[in-house]
Amino acid sequence: MEKSKPYVILSAATSIDGKIATVTGDSKLSSKLDGIRLHKLRSKVDAILVGKNTVLLDDPMLTVRHTKGKNPIRIVLDSKGSISKNSKIIQTSKKIPTIVVVSNKITKSNLERLKKFPVEIIIAGKNSVDIKLLLKKLSYKKIKSVLVEGGGTTNWEFIKNGLFDELIITLSPFLIGGKDAVSLVEGDGFKKITNSPILRLKSTMRLKNHLVLNYVKV
Ligand SMILES: NC(=O)C1=CN([C@@H]2O[C@H](COP(=O)(O)OP(=O)(O)OC[C@H]3O[C@@H](n4cnc5c(N)ncnc54)[C@H](OP(=O)(O)O)[C@@H]3O)[C@@H](O)[C@H]2O)C=CC1
Ligand SMILES: Nc1nc(O)c(N)c(N[C@@H]2O[C@H](COP(=O)(O)O)[C@@H](O)[C@H]2O)n1
């Protein structure tokens, strides 16, 4: 029987005070060794997913480069279909399968613009992207595992809806601060600690000054 959702791993590099980027959007928290670990993980999943702001601010490739292995499908949550033609993801989407997920809020002109790019377009949700519906659609496409690489708003959506299975945090030896810096989890947050998903620490790995924490959702 087809599962209703792929296995979802949330992954991020955070400062000790739980930030994933500074107020200016600097998110280079990881190390070379951690990069190799991350790319090994990328090579094992079917897809990598990020939110629109991460594409805008980091302009990531989301490929496997620091080890040998296949590139996963790249998925971007972008309700209004506003992703830039000049982003590295769009510029390389002829070679690397890429999905842009929009909602019904997208304008006709943005949809027409998007259709000119060599990407697959998935429509899921009325205003914002409906994550549950999206995961169902990904399951139908035989995507069995998804690595969610942020940012904080995207992480919150998965956490709020209990739609993740595992969390891998690289704790990096930095202190960032700043109320407008981006936290691992953005959004409204839970009102009570008892509302938080319960996590079991599965393993830890020290990579010089970085600590990789691997939790599973109970
Ligand atoms: N250190 C690390 O490991 C990482 C750090 N980062 C950092 O995170 C920052 C970006 O994070 P953040 O600003 O929170 O934004 P995100 O990257 O999470 O993108 C959020 C946007 O995605 C779109 N979106 C569409 N549907 C959804 C949905 N269902 N749930 C969530 N988002 C949806 C929304 O835009 P719209 O309404 O237009 O669709 C939303 O505003 C950057 O500074 C980046 O550097 C990012 C990844 C990893
Ligand atoms: N350690 C770690 N874990 C994650 O899950 C991450 N996403 C990051 N860094 C982010 O990776 C993106 C860059 O990808 P490319 O190197 O361009 O392929 C970028 O968004 C970083 O914030 N680190």
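Looking at an unreviewed UniProt entry, the protein chain carries the name 2,5-diamino-6-(ribosylamino)-4(3H)-pyrimidinone 5'-phosphate reductase, with the source organism given as Nitrosopumilus zosterae. According to the UniProt record, the Sequence similarities (unreviewed entry) comment for the protein chain reads "Belongs to the HTP reductase family." According to UniProt, the comment filed for the protein chain under the heading Pathway (unreviewed entry) is "Cofactor biosynthesis; riboflavin biosynthesis."

Participant: I'd like a description of the overall build of the protein chain, backed by residues and values.
Facilitator: Looking only at helices and strands, the protein chain features six helices and eleven strands. C-alpha atoms of the protein chain, sized along the principal axes, occupy 45 × 40 × 35 Å. Considering only contacts in the protein chain between residues 6 or more positions apart, those separated by 24 or more positions represent 73%.

Participant: An account of the nonpolar core is requested, with residue identities and associated values reported.
Facilitator: Nonpolar side chains in soluble globular proteins tend to be buried together. The biggest cluster of nonpolar side chains holds 45 residues, and the ones touching the most others in it are V76, V101, V146 and V148. It is strand 1 (residues 7-14) that provides the largest number of residues to this core, a total of five residues. Not counting chain neighbours up to four residues away, the residues in contact with V101 comprise I75, V76, L77, D78, I122, A124, V129 and L134.

Participant: Could you give an account of the site of ligand 2, with specific residues and numbers?
Facilitator: What surrounds ligand 2 is a group of 16 residues, the closest being S11, A13, D58, P60 and E149. Every element with two or more residues in the shell around ligand 2 is listed here: strand 1, helix 1 (32-44) and helix 2 (52-58). Of all the elements, strand 1 adds the most residues to the shell around ligand 2, at three residues. Of the residues belonging to the shell around ligand 2, the class tally is six nonpolar, seven polar and three charged.

Participant: Give me the site of ligand 1: which residues, what numbers.
Facilitator: In the vicinity of ligand 1 lie 30 residues, with G51, N53, S79, G150 and G151 positioned nearest. Of the residues forming the shell around ligand 1, the biggest block, five residues, is contributed by helix 2.

Participant: Could you give an account of the pairing of strand 8 (residues 166-171), naming the residues involved and the relevant values?
Facilitator: Summarising the sheet, strand 1 and strand 8 pair through six bridges and their orientation is parallel. Bridge assignment links A12 to a residue of strand 8, and that residue is I169.

Participant: Would you mind going over the UniProt feature "domain: Bacterial bifunctional deaminase-reductase C-terminal" (unreviewed entry) in the protein chain in detail, with residue names and values included?
Facilitator: Under the UniProt annotation, "domain: Bacterial bifunctional deaminase-reductase C-terminal" (unreviewed entry) lies at residues 6-212. When the span residues 6-212 is considered, its composition is 25% helix and 26% strand, and the gap between its end C-alpha atoms is 23 Å.

Participant: Report on the confidence of the model for the protein chain, specifying residues and quantitative values.
Facilitator: Caution is warranted with low-pLDDT regions, since their predicted coordinates should not be read in detail. Averaged over the protein chain, the pLDDT score is 97; the fraction of residues at 70 or greater is 99%. As scored by the predictor, the complex reaches a pTM of 0.98 and an ipTM of 0.97.

About the criteria used
- Residues numbered from 1 in each chain as written.
- Chains lettered and ligands numbered in written order.
- Predicted model: local features only at pLDDT ≥ 70, side-chain atom pairs only at ≥ 80, totals over all residues.
- UniProt positions renumbered as here; feature names shortened; annotations may be inferred.
- Helix = DSSP H or I, 4+ residues; strand = E, 2+ residues; numbered from the N terminus.
- Contact = placed C-beta atoms within 7 Å.
- Core = buried A, V, L, I, M, F, W, Y, C linked by C-beta atoms within 7 Å.
- Buried ≥ 20, exposed ≤ 12 C-beta atoms within 10 Å, placed from the backbone.
- Near = placed C-beta within 6 Å.
- Nonpolar A, V, L, I, M, F, W, Y, C, P; charged D, E, K, R; others polar.
- Pairing = 2+ DSSP bridges.
- pLDDT = per-residue confidence, 0-100.

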